[in-house]
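Structural overview
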Amino acid sequence: MEKSLNELEGSVAGESSRDLIPEPTARPTWGSKVQYILAQVGFSVGLGNVWRFPYLCHQNGGGAFLLLYFLLLLVIGIPLFFLELAAGQSIRQGSIGVWKHISPRLAGIGFASCVVCSFVALYYNVIIGWSLFYMFNSFQYPLPWENCSILANQTQKECAKSSATTYFWYRKALDVTDSIGASEMNWPMTGCLVLAWILVCGGMIKGIKSSGKVMYFSSVFPYIVLVCFLVRGLLLDGAMDGIRIMFTPKLEIWGDVQVWRQAATQVFFALGLGFGSVIAYSSYNDRDNNCHFDAILVSFINFMTSILATLVVFAVLGFRANDIANQCILENVKKINGLVEGGAWLDIPAPLDNMTSTEYSDWYMSADAVANLTKYGITNCRAEDEMNKGVEGTGLAFIAFTEAMSRFPASPFWSLLFFLMLLNLGLSTMFGNMQGIITPLLDNFTCLRKRKTIFTSLWTTFKACWVSALGVCTSICGSTSASWQ
């Protein structure tokens, strides 16, 4: 008996639909849409927003880089982010299952994304360990990295040659040595690293049911801290100078291909594209979820967070640079007064004690044109020069920003807030990284799915032991660095 045309079309459409999207299986879902959005925001908004984006913005044209980044976010970032969200929630599988569904030959891409997440998790949790170490040390007053005078006598020259914050970072936190034979196991930092893995394991032990609830705090708390730092930073002397330096556009950088490359890389890095974590999170959504709205919302929250963090960083660094420049002016005025009393000073009007950094810089340029001030040990004290020092990566968070906070009133309170913020930023991103590993493996291997809690615990324990073993090997082989001074 022949079938009608409509029956044939319906049969073909039904088979095509079943081939495209697998039948739904028993799969946990997010407790609410808010948990899901906070999880995606927590994964995408991480440490890179606080220290990598401000550095790139400062080094690549300020406001011009912001415009370029926003353009690439619209053209590249949001479309690719939407594709990952759509693939995850429609196929309802992790990265391995998604690529295997597209083509069994592409399953290796999913496994590769798990490997990438594993390597990222290794170094990311080390940063969380550093944050814990500094957070615990923030309960002291004065802060242990505030002055060289609180250090041992034999280290006075070394500390004075660099700075108290630099000394604490390399000698106390990282415990670098000048020779292989002098290296020892850094037990305090090892303990902080183990504690970091325990926190990650505790947040991931029940999958999205536990990590989703943790996101209410770990994703929201950093914004509270950033707003507090912004308000406090704007009230500091020199904060507006830092923001002005930050957002002064240099449109000529648009002709540099490397700037475009760095902006595009930051878009991929900020949204977590290609890691598989976005797919893993969205796979726990219903298939009728509005992922168009989610892609736009998360992307713009990420972008606005980067701007907020940049405002905070350069307001605080502007205060730090202004304070250092003022100290430099006072020291140079003392030198000039000493030269005048000794009769070695040339016929040049001496600077006033209450000069601003801008007025002193103008005086220095005119005086240096008449006499070579460098031979007298007198330098130009410009806040802009200080802004260019130590504004990348760990140098920003653990040296420059830490030094600036030590100049705040009630510095331990602000230090505790800052490193607690870094801890939460790192944890929310780590949850995403771990989800990008665990979800695809649980979806692909039925035996692991039946022992989900045990597998999660063993996996985090394995990675913690792996990192600890690497730390022991590093201590045996020697961790040396004498170039930081």
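Residues numbered from 1 in each chain as written. Predicted model: local features only at pLDDT ≥ 70, side-chain atom pairs only at ≥ 80, totals over all residues. Heavy atoms only, no water.

**Looking at the overall build of the protein**
Applicable threshold: Runs of H or I in DSSP of at least four residues are treated as helices and runs of E of at least two as strands, each being numbered from the N terminus. By definition, residues are in contact when any of their heavy atoms lie within 4.5 Å. Areas reported as accessible are Shrake-Rupley estimates using a 1.4 Å probe. Residue values count occlusion only from the protein chains shown.
On a plain count of helices and strands, the protein comes out with 21 helices and 0 strands. Nonlocal contacts in the protein, meaning residues at least 24 apart in sequence, comprise 81% of its contacts between residues at least 6 apart. Looking at the protein as shown, the accessible area adds up to about 22500 Å², and 64% of this sits on carbon and sulfur atoms.

**A look at the UniProt feature "binding site: Na(+) 2" (unreviewed entry) in the protein**
Filter applied, for reference: UniProt positions are given in the numbering used here, feature names are shortened, and annotations may be inferred rather than shown by experiment. Under the scheme applied here, a residue whose accessible area is under 20% of the maximum for its type counts as buried, over 50% as exposed, and between as partly exposed, the area being computed with a 1.4 Å probe on protein chains only. In protein, a polar contact requires one atom able to donate a hydrogen and another able to accept it; more generally it is a pair of N or O atoms within 3.5 Å, and residues adjacent in sequence count only if both atoms are side-chain atoms.
UniProt's feature table lists "binding site: Na(+) 2" (unreviewed entry) at Asn 49, given in the numbering used throughout. Along the chain, the position of Asn 49 falls in helix H3 (residues 47–59). We classify Asn 49 as buried; its relative accessible area is 2%. Not counting residues up to four positions away in its chain, the partners in contact with Asn 49 are Ser 44, Pro 54, Asn 302, Ser 306 and Ala 309. Only 3.0 Å separates the side chain of Asn 49 from the backbone nitrogen of Gly 46, close enough to count as a polar contact.

**Concerning the packing of helix H5 (residues 95–102) against helix H6 (residues 107–137)**
The following threshold applies: What counts as an axis is a line fitted to C-alpha atoms, over the stretch in contact for a helix, and the angles between N-to-C directions run from 0 to 180 degrees. For classification purposes, angles smaller than 35 degrees are called roughly parallel, those larger than 145 roughly antiparallel, those between 65 and 115 roughly perpendicular, and all remaining angles oblique. Each crossing gets its handedness from the near helix: less than a right angle anticlockwise from the far helix is left-handed, clockwise is right-handed. By the convention adopted, Pro, Cys, Tyr, Trp, Phe, Met, Ile, Leu, Val and Ala count as nonpolar, Lys, Arg, Asp and Glu as charged, and the other residues, Gly among them, as polar.
Where H5 contacts H6, the two axes come as close as 7 Å, and the packing angle between them is 165°. Taken together, the axes of H5 and H6 lie roughly antiparallel to each other. In this structure, H5 meets H6 at a crossing whose hand is right-handed. Contacts from Ser 95, Ile 96, Trp 99 and Lys 100 in H5 reach Ala 107, Ile 109, Gly 110, Phe 111, Ser 113 and Cys 114 in H6. Within the contact of H5 with H6, the residues separate by chemical class into 6 nonpolar, 3 polar and 1 charged.

**Observations regarding the pattern of salt bridges**
As a reminder of what qualifies: Any carboxyl oxygen of Asp or Glu that lies within 4 Å of a side-chain nitrogen of Lys or Arg is treated as forming a salt bridge with it.
Summed over the entire model, instances satisfying the criterion amount to 6 salt bridges. A salt bridge links Asp 443 to Arg 27, with the nearest nitrogen and oxygen atoms 2.9 Å apart. A residue pair is termed long-range when its members are at least 10 positions apart, and Asp 443 in helix H19 (residues 411–444) and Arg 27 in the loop between helix H1 (5–20) and helix H2 (33–44) qualify at 416 residues. Note on Arg 27: relative accessible area 14%, which makes it buried. Residues Lys 33 and Asp 294 are paired through a salt bridge, measuring 3.1 Å at the closest nitrogen-oxygen approach. Residue Lys 33 is located in helix H2, and its partner Asp 294 is located in helix H15 (residues 291–342); the two are separated by 261 residues in the primary sequence. When its relative accessible area of 35% is taken as the criterion, Lys 33 is described as partly exposed. Taken together, the shared-partner salt bridges in this structure form one network comprising Arg 320, Asp 323, Glu 403 and Arg 407.

**So, the packing of aromatic side chains**
Selection rule: Pairing of aromatic side chains requires ring centres within 6.5 Å, counting the rings of Phe and Tyr and the six-membered ring of Trp. Pairs whose planes differ by under 30 degrees are stacked, by over 60 edge-to-face, and all others tilted. Look at NZ for Lys and CZ for Arg. If either is within 6 Å of the ring centre and within 35 degrees of the ring normal, a charge sits over the ring.
In total, this model carries 34 aromatic pairs according to the counting rule given. Centre to centre, the rings of Tyr 123 and Tyr 124 are 5.9 Å apart; their planes meet at 55°, and the pair counts as tilted. Owing to a relative accessible area of 6%, Tyr 124 belongs among the buried residues under this scheme. Sitting over the face of the ring of Tyr 284, Arg 27 holds its NZ or CZ atom 4.5 Å from the ring centroid.

**What about the nonpolar core?**
Selection rule: Put simply, buried Ala, Val, Leu, Ile, Met, Phe, Trp, Tyr and Cys residues joined by side-chain atoms within 4.5 Å make one nonpolar core.
By size, the foremost hydrophobic cluster in this structure holds 112 residues, and its most contacted members are Tyr 134, Phe 229, Phe 418, Phe 419 and Met 434. With 16 residues, the top contributor of residues to this core is H19. Setting aside residues no more than four positions away along its own chain, Phe 419 makes contact with Ser 131, Tyr 134, Met 135, Ser 138, Trp 145, Ala 397, Phe 398, Thr 402 and Met 405.

**A look at unusual backbone geometry**
For the peptide bond that leads from Tyr 141 to Pro 142, omega is -5°, which places it in the cis range. Within the secondary structure, Pro 142 is located in the loop between H6 and helix H7 (156–161). Of note, the phi angle at Asp 175 is positive, near 55°, even though the residue is not glycine. Considering the arrangement of structural elements, one finds Asp 175 in the loop between helix H8 (164–173) and helix H9 (187–204). Phi at Ala 410 is positive, roughly 55°, even though this residue is not glycine.

**A word on the environment of Ala 400**
Position of Ala 400 among the secondary structure elements: in helix H18 (residues 393–406). The exposure class of Ala 400 is buried, given its relative accessible area of 1%. Between the alpha carbons of Ala 400 and Thr 166 there is a distance of 8.6 Å; along the sequence they are 234 residues apart.

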